[in-house]
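One-letter residues, chain by chain:
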Amino acid sequence: MDIALSGAAVRFGTFQAVHPTDLTIEAGEFFSILGPSGCGKTTILRLLSGFLDPSEGEVRIGGQPMAGIGPSDRPTALIFQNLALFPLMTVWENVAFGLEMRGWKTARRRARAFELLDMVALGGQGDKLPSELSGGQRQRVAIARALAVEPAVLLLDEPLSALDLKLRQHMRAELKQLQETTGITFVYITHDQGEALTMSDRVAVMNRGRIVQVGSADDVYDRPATAFVATFVGEMNRLPGRIESVAEGRARIATAGGSFLAPNPGGLAPGAAAVLFLRPERLHLLAPGEAAANALEGRLVRRDMEGAFSTLILETGAGRLTVQRVNSGSGGLPADPLRLGFADSAGVILPAGETADDAA
Ligand SMILES: Nc1ncnc2c1ncn2[C@@H]1O[C@H](COP(=O)(O)OP(=O)(O)OP(=O)(O)O)[C@@H](O)[C@H]1O
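Residues numbered from 1 in each chain as written. Predicted model: local features only at pLDDT ≥ 70, side-chain atom pairs only at ≥ 80, totals over all residues. Heavy atoms only, no water.

Looking at an unreviewed UniProt entry, one finds the protein chain named ABC transporter ATP-binding protein, with Rhodovulum visakhapatnamense as its source organism.

Structure representation (structure tokens):
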């Protein structure tokens, strides 16, 4: 089922937790809401689940206005960060809990619970107690329990945050697969950009009660709309400066480290204060005599070997810059000073504005 927010806003007293928001989530979409702690992600999820009414505006699910429809009457199920399984019930009884509430007889409940447990790869574990399972297995029980009531929309509030890194990565793949096989609309709340980027069809980035960008993982990573998105999603170098000239969607920006050409998606005019944002992997070392659309010199401060790639920190006229290099196995670096280059399509020039560091 699709979801539509029209001008939906939430105030707690005088505090505006969510500003008026228009948002459409397509049926069968894996949609994530990504943002720092306190930005309003959970509040939006509560609007969808029916635990909270909008102070203004409207929520529709499957075309139906949700005003006056409580959580148990909505086509949604919710999975929390701290899942609460019933410790004295077996795994299958936990899964079947919602079905008992709906009046299903024991044999039918048990059969359905085991089907769902099969789907989350816990086929043989139904007669155990939750305490006999690992953290990841318990999380899968919670997912099976949420799916038991056949929701059209599954709302997931940081469901993996209590798991260790390896398990989290494994569960990402499982959740994505589960979403694809069931065709259920997933709305996934997280402050973990890796989670949002790997699983989602689309991501909404939120800051201070506002959705600041909605797009694919590629959109928010490669084409950030604001300084906040640019710095919240992934590593980013920042070169503050002033626009010198503009031409054909690009601008030349004068920074403390020189003047550089880069895309100017917001059409900033000459004289405007701006920042050139540049990903560490888009900066490369130039060979002696090699030309590049943009070039600057730097002195190596640190090199961190991270296996598949290495991270270089360079002191340049534009401040400290981070460069990420694929590890080619050829080892050493040329002598200082190093020359750095980047294409005129590599960065993005955006208005100076709030960054993820300011928001933290
Ligand atoms: N019932 C409430 N009364 C007053 N303020 C609230 C209430 N619920 C949430 N808030 C505030 O609204 C803001 C948004 O909260 P919300 O839980 O949506 O954030 P979040 O993005 O989900 O954060 P986190 O990732 O930390 O869970 C926060 O500043 C929070 O303190």
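A.B. asks: Got a sec to walk through the packing of helix H5 (residues 135-148) against helix H6 (residues 165-182)? Specific residues and values, please.
C.D. replies: Where H5 meets H6, the closest approach of the two axes is 11 Å, and the angle between their N-to-C directions is 20°. Regarding the angle of H5 to H6, the classification is roughly parallel. Where H5 crosses over H6, the handedness of that crossing is right-handed. Here H5 contributes Gly135, Gly136, Gln139, Arg140, Ile143 and Leu147 to the contact with H6, which in turn contributes Leu167, His170, Met171, Glu174, Leu175 and Leu178. Taken together, the residues of the contact of H5 with H6 break down into six nonpolar, four polar and two charged. (Axes fitted to C-alpha atoms, helices over the stretch in contact; angles between N-to-C directions. Helix = DSSP H or I, 4+ residues; strand = E, 2+ residues; numbered from the N terminus. Parallel < 35°, antiparallel > 145°, perpendicular 65-115°, else oblique. Left-handed = near helix turned anticlockwise from the far one by under 90°. Contact = heavy atoms within 4.5 Å. Nonpolar A, V, L, I, M, F, W, Y, C, P; charged D, E, K, R; others polar.)

A.B. asks: Kindly report on the domain arrangement of the protein chain, identifying the contributing residues and their values.
C.D. replies: In terms of domain boundaries, the protein chain breaks down into domain 1 (3-227) and domain 2 (228-328 + 335-359). Taken over C-alpha atoms, the centre of domain 1 sits 37 Å from the centre of domain 2. In this complex, domain 1 contributes 19 residues to the contact, which on the side of domain 2 involves 19 residues. When domain 1 packs against domain 2, close to 1500 Å² is buried across both sides, 59% of that on carbon and sulfur atoms. Contact with domain 2 buries surface across domain 1, with Tyr221, Pro224 and Ala227 losing the most and accounting together for 43% of the total. Here domain 1 and domain 2 share two salt bridges between them. Salt-bridge contacts for glutamate 354 lead to arginine 208; the nearest nitrogen and oxygen are separated by 2.6 Å. (Domains from an automatic or database assignment. Buried area = accessible area lost by both parts, 1.4 Å probe. Salt bridge = Lys/Arg side-chain N within 4 Å of Asp/Glu carboxyl O.)

A.B. asks: Please provide a residue-by-residue account of the sheet that holds strand S4 (residues 56-61), values included.
C.D. replies: Spatially, four strands are ordered S2-S1-S4-S5 in an open sheet, and the strand pairing comes out antiparallel. The two strands at the open ends of the sheet, each matched to only one other strand, are strand S2 (15-25) and strand S5 (64-65). Across seven bridges, the pairing between strand S1 (residues 3-12) and S2 is antiparallel. For arginine 11, the partnering residue across the bridge sits in S2 and is glutamine 16. Sheet strands touched by helix H1 (residues 41-49): S1, S2 and S4. Its angle to S1, the strand with the most contacts, is close to 120°. (Pairing = 2+ DSSP bridges.)

A.B. asks: So what about the pattern of salt bridges? Which residues, and what values?
C.D. replies: Under the definition given, this model contains 18 salt bridges. In this structure, lysine 176 and glutamate 180 form a salt bridge, with 3.8 Å as the shortest nitrogen-oxygen distance. Placement of the pair is lysine 176 and glutamate 180 together in helix H6, with a separation of four residues, close to one helical turn. Residue lysine 176 is classed as buried on the basis of its relative accessible area, which comes to 17%. For arginine 282, the salt bridge identified is with glutamate 281, shortest N-O distance 3.9 Å. (Buried < 20%, exposed > 50% of the residue type's maximum accessible area, 1.4 Å probe, protein only.)

A.B. asks: Just give me the short version of the sheet that holds strand S12 (residues 250-255), but keep the residues and values in it.
C.D. replies: The strand order across the open sheet formed by five strands is S13-S12-S11-S14-S20, and the pairing between neighbours is antiparallel. Every interior strand has two partners, whereas the edge strands, strand S13 (258-263) and strand S20 (348-351), have only one. Neighbour to neighbour, the strand axes of the sheet diverge by 45° on average, direction disregarded. Here strand S11 (residues 237-247) pairs with strand S14 (residues 273-278) via six bridges, running antiparallel. What sits directly across from arginine 242, in S14, is alanine 273.

A.B. asks: I'd love a proper account of the nonpolar core, names of residues and values included.
C.D. replies: Counting residues in hydrophobic clusters, the biggest one holds 33 residues, and the most contacted among them are Val95, Ile143, Leu154 and Leu175. With seven residues, H5 is the single largest residue contributor to this core. Ignoring anything within four residues of it in the chain, the contact list for valine 95 reads Ala113, Leu116, Leu117, Val141, Ala144, Arg145 and Ala148. Grouped together as the second largest cluster of nonpolar side chains are 25 residues, Ile3, Ala8, Leu48 and Ile61 included. (Core = buried A, V, L, I, M, F, W, Y, C linked by side-chain atoms within 4.5 Å.)

A.B. asks: Please set out the packing of aromatic side chains residue by residue, giving values where relevant.
C.D. replies: Applying the stated criterion across every chain, the model contains five aromatic pairs. When the ring of phenylalanine 30 is compared with that of phenylalanine 186, the centres are 5.3 Å apart and the planes differ by 40°; the resulting orientation is tilted. In this pair, phenylalanine 30 is assigned in strand S3 (residues 30-34) and phenylalanine 186 in strand S8 (residues 185-190), connecting sequence segments 156 residues apart. Grouping residues by exposure puts phenylalanine 30 and phenylalanine 186 together as buried. On the basis of an interplanar angle of 50° and a centroid distance of 4.7 Å, the ring pair of phenylalanine 86 and phenylalanine 97 is categorised as tilted. (Phe/Tyr/Trp six-rings, centres within 6.5 Å; stacked < 30°, edge-to-face > 60°.)

A.B. asks: Explain helix H4 (residues 106-119) residue by residue, including any values.
C.D. replies: Given a rise of 1.5 Å per residue, 14 residues ought to cover 20 Å, and the 20 Å separating the end C-alpha atoms of H4 matches this to within 8%. All of the buried residues in H4 are Arg109, Arg112, Ala113, Leu116 and Leu117. The buried residues of H4 occupy one face: seen down the axis, they fall within an arc of 140°. Away from its buried face by more than 90 degrees, H4 exposes Ala107, Arg108 and Asp118. Its buried side turned inward, H4 meets helix H2 (91-95), helix H3 (97-101) and H5. (Expected span 1.5 Å × (residues − 1). Arc of directions from axis to C-beta.)

A.B. asks: Provide a residue-level description of the site of the ligand, including the pertinent values.
C.D. replies: If you check the shell around the ligand, you find 13 residues, and the closest are Ser37, Gly38, Lys41, Thr42 and Thr43. A distance of 2.6 Å is found between an oxygen atom of the ligand and a side-chain nitrogen or oxygen belonging to serine 37. For the ligand, an oxygen atom lies 2.6 Å from a polar atom in the side chain of threonine 43. Alone, the ligand offers 640 Å² of accessible surface; in the complex the protein occludes 61% of this. For the shell around the ligand, the secondary structure elements donating two or more residues are S2 and H1. For the shell around the ligand, the element with the highest residue contribution is H1, accounting for four residues. Its residues placed into classes, the shell around the ligand shows five nonpolar, five polar and three charged. (Near = heavy atom within 4 Å. Polar contact = N/O pair within 3.5 Å; in protein donor to acceptor, adjacent residues only side chain to side chain. Areas by Shrake-Rupley, 256 points an atom, 1.4 Å probe, with all protein chains shown as cover.)

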